[in-house]
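So the chains spell out like this:
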Amino acid sequence: MQATAGFFVIDFILRPFLKIYQKMPIMIFLILLVIYGLIAYLVWKSAFKAEQQY
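Each chain carries its own residue numbering, running from 1 in the written order of its sequence. It should be noted that, the model being predicted, local features are given only for residues of pLDDT at least 70 and side-chain atom pairs only at 80 or more, the latter also being counted only at that level, while totals for whole chains, interfaces and linings use all residues. Excluding hydrogens and water, the side-chain values take into account all heavy atoms of the structure.

> For this particular structure, what's the right way to read the overall build of the protein chain?
Strands here mean DSSP runs of E at least two residues long; helices mean DSSP runs of H or I at least four residues long; both are numbered from the N terminus. Counting its secondary structure elements, the protein chain contains 3 helices and 0 strands. Each residue gets one of three labels from its accessible area relative to the maximum for its type: buried under 20%, exposed over 50%, partly exposed in between, using a 1.4 Å probe on protein chains only. A total of 54 residues make up the protein chain; the buried ones form 2% of that total. Approximately 5600 Å² of the protein chain is accessible, and the part contributed by carbon and sulfur atoms is 76%. Surface accessibility in these figures is a Shrake-Rupley result with a 1.4 Å probe; residues are shielded only by whichever protein chains are displayed.

> Quick question: what am I supposed to make of the layout of surface pockets here?
Rolled over the atoms, a probe with the dimensions of a water molecule shows which regions are left empty. Taken as a whole, the largest pocket encloses approximately 340 Å³ of empty space. Forming the boundary of the largest pocket are Leu14, Phe17, Leu18, Tyr21, Ile28, Ile31, Leu32, Ile35, Tyr36 and Ile39. Where the lining of the largest pocket is concerned, the elements lending two or more residues are helix H2 (17-23) and helix H3 (25-52). Per-element tally for the lining of the largest pocket: the top contributor is H3, with 6 residues. Only protein atoms enter the 1 Å grid used here, on which a cavity is any set of points holding a 1.4 Å probe that cannot leave and a pocket is any open set flanked by protein within 12 Å on both sides along at least five of seven lines; residues with an atom within 4 Å of a point are listed as lining. Grid points are joined across faces, edges and corners, and a volume is the space filled by probe spheres set on the points.

> I keep staring at the environment of serine 46 and nothing clicks. Help me out?
Mapped onto the elements of the fold, serine 46 is located in helix H3. What qualifies as a polar contact is a pair of N or O atoms within 3.5 Å, subject to a donor-acceptor requirement within protein and to the restriction that residues adjacent in sequence count only when both atoms come from side chains. Polar side-chain contacts of serine 46 include one of 2.9 Å to the backbone oxygen of valine 43.

Structural data, given as C-alpha cells:
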C-alpha cells in the first residue's frame, strides 16, 4: 500500500518534467546520475562506518 502511494507521489512530482526530458534527455540523465550517485555514496559510507565501529 505504501509503495503504491509512493509511486503515485513520484508520478505526480515527475510528470511536469517529462516535457523537459523530451527536449533535453542528456541533462535529465546527468541529473539522475548525480542523484543516484549521492544515494550510492551515502549507502557505501554508512556500510563502512558500521564496520569500523565494531
